[in-house]
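# Remarks on the overall topology
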Amino acid sequence: MKNLKNFIKNIKKTKNFAAFIGYMGLVPFIFITLGVWFFPVEYEADFESLLLLYLSLIISFLASIYWGIAVKDKNNNDSYIILIFSVLPLIIIFIINILKLPNIIKLLVFLFILNSISILERKFYKFTEIPKWYLNLRARLNISLNIIIILFILSYTLDLVL
């Protein structure tokens, strides 16, 4: 009980709570990836759709953070660039999702977008005034998500080999 109280006390700090919520956001990816590996093959299309849907939402969320940063910018220092950056991934994701592309191609494009956002965050972090702890959290989450997506993609390669 004492450990639970300490956990709750520590989790209330913004950094800790953001980390907790961030890692909890990985849980659906983990379950979907485990599902594609361990459930019968007739469920594979469902897991692919779930992964693409959830990844679309996460990428949109990550990019949309910058809308708030641009709106908050009192100096209006090139805020239009940040506004474009906050909306462009959503538009690309929408277009990719409506195109009749194989899911593996969609997944690779989404992986590229996810990593592009991470790279741009690091490159422009001083301009956006994002706290360093957030960028470090995002880096850890991004690496974790990349590993999960690669494991999901490996299920395709094994299907082709077997």
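Right, let's walk through the structure included here.

Rules used throughout
Residues numbered from 1 in each chain as written. Predicted model: local features only at pLDDT ≥ 70, side-chain atom pairs only at ≥ 80, totals over all residues. Heavy atoms only, no water. Core = buried A, V, L, I, M, F, W, Y, C linked by side-chain atoms within 4.5 Å. Buried < 20%, exposed > 50% of the residue type's maximum accessible area, 1.4 Å probe, protein only. Helix = DSSP H or I, 4+ residues; strand = E, 2+ residues; numbered from the N terminus. Contact = heavy atoms within 4.5 Å. Polar contact = N/O pair within 3.5 Å; in protein donor to acceptor, adjacent residues only side chain to side chain. Axes fitted to C-alpha atoms, helices over the stretch in contact; angles between N-to-C directions. Parallel < 35°, antiparallel > 145°, perpendicular 65-115°, else oblique. Left-handed = near helix turned anticlockwise from the far one by under 90°.

### Some points on the nonpolar core
Counting residues in hydrophobic clusters, the biggest one holds 37 residues, and the most contacted among them are Phe29, Leu55, Ile59, Leu107, Phe110, Ile149 and Phe152. Contributing elements (two or more residues each) for this core: helix H3 (27–38), helix H4 (44–72), helix H5 (79–98), helix H6 (103–123) and helix H8 (132–161). Per-element accounting of this core gives the leading share, 11 residues, to H4. Apart from the residues within four sequence positions on either side, leucine 107 is in contact with Leu51, Leu52, Leu55, Ile149, Phe152, Ile153 and Tyr156.

### Focus on the side chain of serine 86
Among the structural elements, serine 86 can be located in helix H5. Separated by 2.7 Å, the side chain of serine 86 and the backbone oxygen of leucine 83 make a polar contact. Among residues more than four places away in sequence, those in contact with serine 86 are Ala63, Ser64, Tyr66 and Trp67.

### Some remarks on the side chain of serine 60
Its place among the elements puts serine 60 in helix H4. Judged by relative accessible area, which is 17%, serine 60 ranks as buried. Sequence-distant contacts of serine 60, that is, excluding residues within four places in its chain, are made with Leu90 and Ile93.

### What about the packing of H4 against H5?
Running from amino to carboxyl end, H4 crosses H5 at an angle of 160°, the nearest separation of the two axes being 7 Å. By the angle between their axes, H4 is roughly antiparallel relative to H5. Crossing handedness for the pair H4 and H5: left-handed. On H5, the residues touching Ser56, Ile59, Ser60, Ala63, Ser64, Tyr66, Trp67, Ile69 and Ala70 of H4 are Ser79, Ile82, Leu83, Phe85, Ser86, Val87, Pro89, Leu90, Ile93 and Asn97.

### A look at the packing of H3 against H4
Between two packed helices, both the angle of their axes relative to each other and the distance between the axes serve to describe the pair. Contact geometry of H3 with H4 gives a least axis separation of 9 Å together with a crossing angle of 160°. When the axis of H3 is compared with that of H4, the two are roughly antiparallel. The handedness of the crossing between H3 and H4 is left-handed. Contacts between H3 and H4 involve Pro28, Phe29, Ile32, Gly35 and Val36 on the former and, on the latter, Glu44, Phe47, Leu50, Leu51, Tyr54, Leu55 and Ile58.

### Re the environment of leucine 120
With respect to the helices and strands, leucine 120 occurs in helix H6. Exposure remark for leucine 120: the relative accessible area of 31% places this residue in the partly exposed category. Sequence-wise, leucine 120 and phenylalanine 85 are 35 residues apart; in three dimensions their C-alpha atoms are separated by 9.2 Å.

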